[in-house]
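A closer look at the structure
Each chain is listed here by its residues.
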Amino acid sequence: MNLSQTKAIISGGASGLGYACAEHIINNGGQVTLIDINQQAGEQALESLNTKLATFFKADVSSETQIQQACEASRKFSDGINVAINCAGVLAGGRVLGREEPMPLAHFNSAIQVNLVGSFNLSKAAANLMQHNDADEDGQRGVIINTASVAAFEGQIGQAAYSASKGGIVGMTLPMARELTRFGIRVMTIAPGVFLTPMVAGLSDDIKAALGASVPFPSRLGEPSEFARMAEHIIENTYLNGSTIRLDGAVRLEPK
Ligand SMILES: NC(=O)c1ccc[n+]([C@@H]2O[C@H](COP(=O)([O-])OP(=O)(O)OC[C@H]3O[C@@H](n4cnc5c(N)ncnc54)[C@H](O)[C@@H]3O)[C@@H](O)[C@H]2O)c1
């Protein structure tokens, strides 16, 4: 599948890595449904994309019903879905034994609900529609791309909840890919290092400079367009399936 044939649904599409994927797909002639919990950011993203090839649907990825409705809206908009990209995510940082009190379970659970359950919800609802697509010459009907993090492998102090949620995404990649082979649907995960998106832009300049300097090569933060090009390669290369790819300039995060 090439990008011009892509009918994508992208969670977290209003910002950062999800928006970069949307922009890249549209610039190459594909169609995109952005889904995001932030209505204002979604409308702004749509305005910036300035194209009839994109639409926005407000939905919370942790809601099974809202995501089913979003997938149905996307199917109607593009006459089908063949790519789902899970980019919605929250950091939910905090120590297990915080200064004031132990981490409330609700805080831990918020990372799991958005990052892990949200990725499951969209993957499941999109796959349910993809299974009815016509197969290409390889028998392929769709591609699911998840976004984990290098924190799935070497989470820092304060990332117990985030790392657990991202580790869950890495863990479900292979079993989901194995199960969906019978429908010709591939499942891949990208584990980014540190990328310059609104999630990171809010950090102080000193911290951003230190983060960039900690990357062995190239010694800088990742560009969202580099993430989008990795997503493009996954969409186009049918032989990629069931794996997690680190996209991180060889960074290995220190404990803090
Ligand atoms: N930026 C990085 O350095 C980095 C590194 C590793 C992993 N990631 C992961 O990449 C993904 C994208 O991150 P980003 O940097 O683009 O962040 P971002 O904050 O720019 O974008 C995330 C988007 O997700 C949306 N969102 C949050 N909760 C949602 C919900 N419940 N339902 C629907 N939408 C929701 C937000 O409104 C936002 O538009 C996240 O999963 C993040 O954990 C980012």
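Residues numbered from 1 in each chain as written. Predicted model: local features only at pLDDT ≥ 70, side-chain atom pairs only at ≥ 80, totals over all residues. Heavy atoms only, no water.

**Things to note about the overall build of the protein chain**
- Helix and strand counts for the protein chain stand at 9 helices and 7 strands.
- The C-alpha radius of gyration computed for the protein chain amounts to 18 Å, which stays within 12% of the reference 18 Å derived for 256 residues, consistent with globular compactness.
- A burial count over the protein chain gives 49% of its 256 residues as buried.
- Contacts spanning at least 24 positions in sequence make up 69% of the contacts within the protein chain whose residues lie at least 6 apart.
- The average position of the 19 basic charges and that of the 24 acidic charges among the side chains of the protein chain differ by 4 Å. (Helix = DSSP H or I, 4+ residues; strand = E, 2+ residues; numbered from the N terminus. Rg over C-alpha atoms; globule rule 2.2 N^0.38 Å. Buried < 20%, exposed > 50% of the residue type's maximum accessible area, 1.4 Å probe, protein only. Contact = heavy atoms within 4.5 Å. Lys, Arg positive; Asp, Glu negative; His and termini not counted. Charge placed at Lys NZ, Arg CZ, Asp CG, Glu CD.)

**Some points on the sheet that holds strand β7 (residues 244–247)**
- Here we have 7 strands laid out as an open sheet, ordered β3-β2-β1-β4-β5-β6-β7, and parallel in their pairing. Across the chains shown, the open sheet's two edge strands, defined by having one partner strand only, are β3 (54–58) and β7. Strand-to-strand twist of the sheet, defined as the mean angle between neighbouring strand axes without regard to direction, takes the value 20°.
- Pairing geometry for strand β4 (residues 83–86) and strand β5 (residues 142–147), over 3 bridges, is parallel. Paired with I85 across the two strands is I145, which belongs to β5. (Pairing = 2+ DSSP bridges. Axes fitted to C-alpha atoms, helices over the stretch in contact; angles between N-to-C directions.)

**Topic: the state of the cysteines**
- Tallied over the entire structure, the rule returns 0 disulfides.
- Considering cysteine sulfurs only, C87 is the nearest to C21, which forms no disulfide, with 4.9 Å between them.
- C21 gets classed as buried once you look at its relative accessible area, which sits at 2%.
- Distance from the sulfur of C71, which forms no disulfide, to the nearest cysteine sulfur (C87) is 15 Å.
- A residue is classified by how much of its surface remains accessible, and C71, at 1% relative accessible area, is buried. (Disulfide = S-S within 2.5 Å.)

**Topic: the site of the ligand**
- In the vicinity of the ligand there are 28 residues, among which S15, D36, Y162, F195 and T197 approach most closely.
- Within the contact set of the ligand, an oxygen atom lies 2.8 Å away from a backbone nitrogen or oxygen of L17.
- Contact between the ligand and T197: an oxygen atom at 2.4 Å from a side-chain N or O atom of the residue.
- Protein coverage of the free-state accessible area of the ligand, which is 820 Å², stands at 91%.
- Within the shell around the ligand, the residues separate by chemical class into 16 nonpolar, 9 polar and 3 charged. (Near = heavy atom within 4 Å. Polar contact = N/O pair within 3.5 Å; in protein donor to acceptor, adjacent residues only side chain to side chain. Areas by Shrake-Rupley, 256 points an atom, 1.4 Å probe, with all protein chains shown as cover. Nonpolar A, V, L, I, M, F, W, Y, C, P; charged D, E, K, R; others polar.)

**Re the side chain of S78**
- Among the secondary structure elements, S78 is positioned in helix α3 (residues 64–78).
- On the basis of relative accessibility, which here comes to 3%, the residue S78 falls in the buried class.
- Those residues in contact with S78 that lie beyond four places of it in its chain are K7, Q31 and T33.

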